[in-house]
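Structural overview
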Amino acid sequence: MLANLIEFATNHFILAGLFVIILALLIFTEMSKGGKSLSSREVTALINRDEGVVVDIRSKKDFDTGHIVGALNIPYDKLASRLAELEKHKAKTIIVVDALGQQAGTAARELQKAGFTAARLGGGIATWRGDNLPVVK
């Protein structure tokens, strides 16, 4: 099968090249959609310097199973109606956290449209736990 793929790519190099370009553009667009993606280390540094506020957009039930210390819980479906709660943190970076990093980009984009500086924890709380960083219940 790999031989067939290589043969197709060499015989139709223009189509193969276009496919690679479109795939790269799609990946770039998806990655830049929700603002900057931060690693666990970068999030920890922002929190320690008091330059970041963690907003966990998971449901209350999921939040109660374990969350980053000091995180605010504003479920994704209530984010737009609860933006006023974040006004006092407007000078800081709002770090959006979800379960796996799937909705955080969309939420960060909404926060940016509302005038906040927002970023997301790449990989969500699963990455945080995978890096053996503390969570509170």
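The numbers attached to residues start from 1 for each chain and follow its sequence in the written order. It should be noted that, the model being predicted, local features are given only for residues of pLDDT at least 70 and side-chain atom pairs only at 80 or more, the latter also being counted only at that level, while totals for whole chains, interfaces and linings use all residues. Side-chain measures here rest on the full set of heavy atoms in the structure, leaving out hydrogens and waters.

As recorded by an unreviewed UniProt entry, the protein chain carries the name Rhodanese-related sulfurtransferase and is attributed to Pseudomonas straminea.

A few points about the sheet that holds strand E4 (residues 93-97)
A pair of strands is treated as paired once DSSP finds two or more bridges between them. Each helix is a run of H or I in the DSSP string that is no shorter than four residues. Each strand is a run of E no shorter than two, and both are numbered from the N terminus. An order of E1-E5-E4-E2-E3 is seen for the 5 strands of this open sheet, with the pairing classed as parallel. A strand with exactly one partner marks an edge of an open sheet, and here the two such strands are strand E1 (36-38) and strand E3 (72-73). By the bridge criterion, 5 bridges tie strand E2 (residues 52-56) to E4 in an arrangement that is parallel. Among the inter-strand pairings, Val55 is bridged to a residue of E4, identified as Val96. Across the face of the sheet, helix H3 (residues 40-48) comes into contact with E1, E2, E4 and strand E5 (117-121) while running at roughly 90° to E1. Against the sheet, helix H5 (residues 104-113) touches E4 and E5, its axis set at about 175° to E5. By the convention used here, residues are in contact when the closest approach between their heavy atoms is within 4.5 Å. Lines fitted to C-alpha atoms define the axes, with helix axes restricted to the stretch in contact, and inter-axis angles between N-to-C directions lie between 0 and 180 degrees.

Points about the domain arrangement of the protein chain
Interface size is commonly expressed as the accessible surface area that is lost when the partners come together. Entries for the protein chain in the domain assignment read domain 1 (1-32) and domain 2 (34-134). Between the C-alpha centres of domain 1 and domain 2 there is a distance of 34 Å. Domain delimitation in this document rests on an assignment produced automatically or drawn from a domain database.

Some remarks on the environment of Asp62
Tracing the sequence through the fold places Asp62 in helix H4 (residues 60-64). The class for Asp62 is partly exposed, based on a relative accessible area of 36%. Remark: the alpha-carbon pair of Asp62 and Pro75, spanning 13 residues in sequence, is separated by 9.9 Å. Three exposure classes are used, based on accessible area relative to the maximum for each residue type with a 1.4 Å probe and protein chains only: buried under 20%, partly exposed in between, and exposed over 50%.

Things to note about the packing of aromatic side chains
Note on ring pairs: Phe, Tyr and Trp rings are taken, using the six-membered ring of Trp, and paired if centres are within 6.5 Å. Classes follow the plane angle, with under 30 degrees stacked, over 60 edge-to-face and the rest tilted. Enumeration according to the criterion identifies 0 aromatic pairs in this entry. The ring of Phe116 carries the charged tip of Lys90 above its face, separated from the ring centre by 4.7 Å. Geometrically, a charge over a ring is one whose NZ (Lys) or CZ (Arg) sits within 6 Å of the ring centre while staying within 35 degrees of the ring normal.

Side note on unusual backbone geometry
In this structure, Asp50 takes a positive phi of about 55° despite not being glycine. Here Asp50 is to be found in the loop between H3 and E2.

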